[in-house]
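Examination of the molecular architecture
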Amino acid sequence: QVQLVESGGGLVQPGGSLRLSCAWAVSRSFFVDFDMAWYRQAAGKQRELVAAISRRGTTNYADSVKGRFTISRDNAKRTVYLQMNSLEPDDTAVYYCNAHGGLVSPPRDYWGQGTQVTVSS
């Protein structure tokens, strides 16, 4: 059962831009009750946090993407976005959307299927 649907990945040249989207498809839970984040995993490396946005809209970023990436959420559309500018070859990875939280204890985690971003000339 797909619960987070990512889109927007692809091949882009260095210096280019992409916008990733993650649409909410979780049943019996509400988007506004979750903190959202983007992670990425490059070939042969561990998954790492790229950017996060809390249910209140507070954001934080990995040092490697600060000033280049922007995370945002549209609660009406139940979608989270990652605007990626000035892309570099080191940004090449599979990008995953994550939802953490809910109104239950312990908090729940949902993941998307991943979308490939390749930065190459």
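The structure contained in this document is the topic of the report that follows. Fair warning: this is a prediction, and the values are worked out from it, not measured in the lab.

The rules we used
- Residues numbered from 1 in each chain as written.
- Predicted model: local features only at pLDDT ≥ 70, side-chain atom pairs only at ≥ 80, totals over all residues.
- Heavy atoms only, no water.
- Pairing = 2+ DSSP bridges.
- Helix = DSSP H or I, 4+ residues; strand = E, 2+ residues; numbered from the N terminus.
- Axes fitted to C-alpha atoms, helices over the stretch in contact; angles between N-to-C directions.
- Salt bridge = Lys/Arg side-chain N within 4 Å of Asp/Glu carboxyl O.
- Buried < 20%, exposed > 50% of the residue type's maximum accessible area, 1.4 Å probe, protein only.
- Core = buried A, V, L, I, M, F, W, Y, C linked by side-chain atoms within 4.5 Å.
- Contact = heavy atoms within 4.5 Å.

Topic: the sheet that holds strand S3 (residues 18-24)
Hydrogen bonds between backbone groups are what pair the strands of a sheet, and the pairing can be parallel or antiparallel. In spatial order, the strands read S1-S3-S8-S7; together these four strands make up an open sheet with antiparallel pairing. Strands with a single pairing partner mark the edges of an open sheet, and in this sheet they are strand S1 (4-7) and strand S7 (69-74). Across the sheet, the mean angle from the axis of one strand to that of its neighbour is 15°, orientation sign disregarded.

Digging into the pattern of salt bridges
Side-chain pairs of opposite charge can arise where the charged atoms are in close proximity. Under the criterion given, the structure shown has six salt bridges. Note that Arg40 and Asp91 form a salt bridge whose closest N and O atoms lie 2.9 Å from each other. Placement of the pair is Arg40 in strand S4 (residues 34-41) and Asp91 in the loop between strand S8 (79-84) and strand S9 (93-101), with a sequence separation of 51 residues. Taking the relative accessible area as the measure of exposure, Arg40 reaches 5% and is therefore buried. Note that Glu88 and Arg68 form a salt bridge whose closest N and O atoms lie 3.8 Å from each other. Of the two residues, Glu88 sits in the loop between S8 and S9 while Arg68 sits in the loop between strand S6 (59-61) and S7, which places them 20 residues apart along the sequence. If you follow the salt bridges from partner to partner, you end up with Arg40, Glu48, Arg68, Glu88 and Asp91 in one network.

So, the nonpolar core
Leu4, Trp24, Met36, Trp38, Leu82, Met84 and Tyr95 are the most contacted members of the largest nonpolar core, which totals 29 residues. The contact partners of Met36, leaving out residues within four places of it in the chain, are Leu4, Cys22, Trp24, Phe31, Ala52, Ile53, Ile71, Arg73, Val80, Cys97, Asn98 and Ala99.

It is worth stressing that arrangement in space is one thing and function is another; only the former is reported here.
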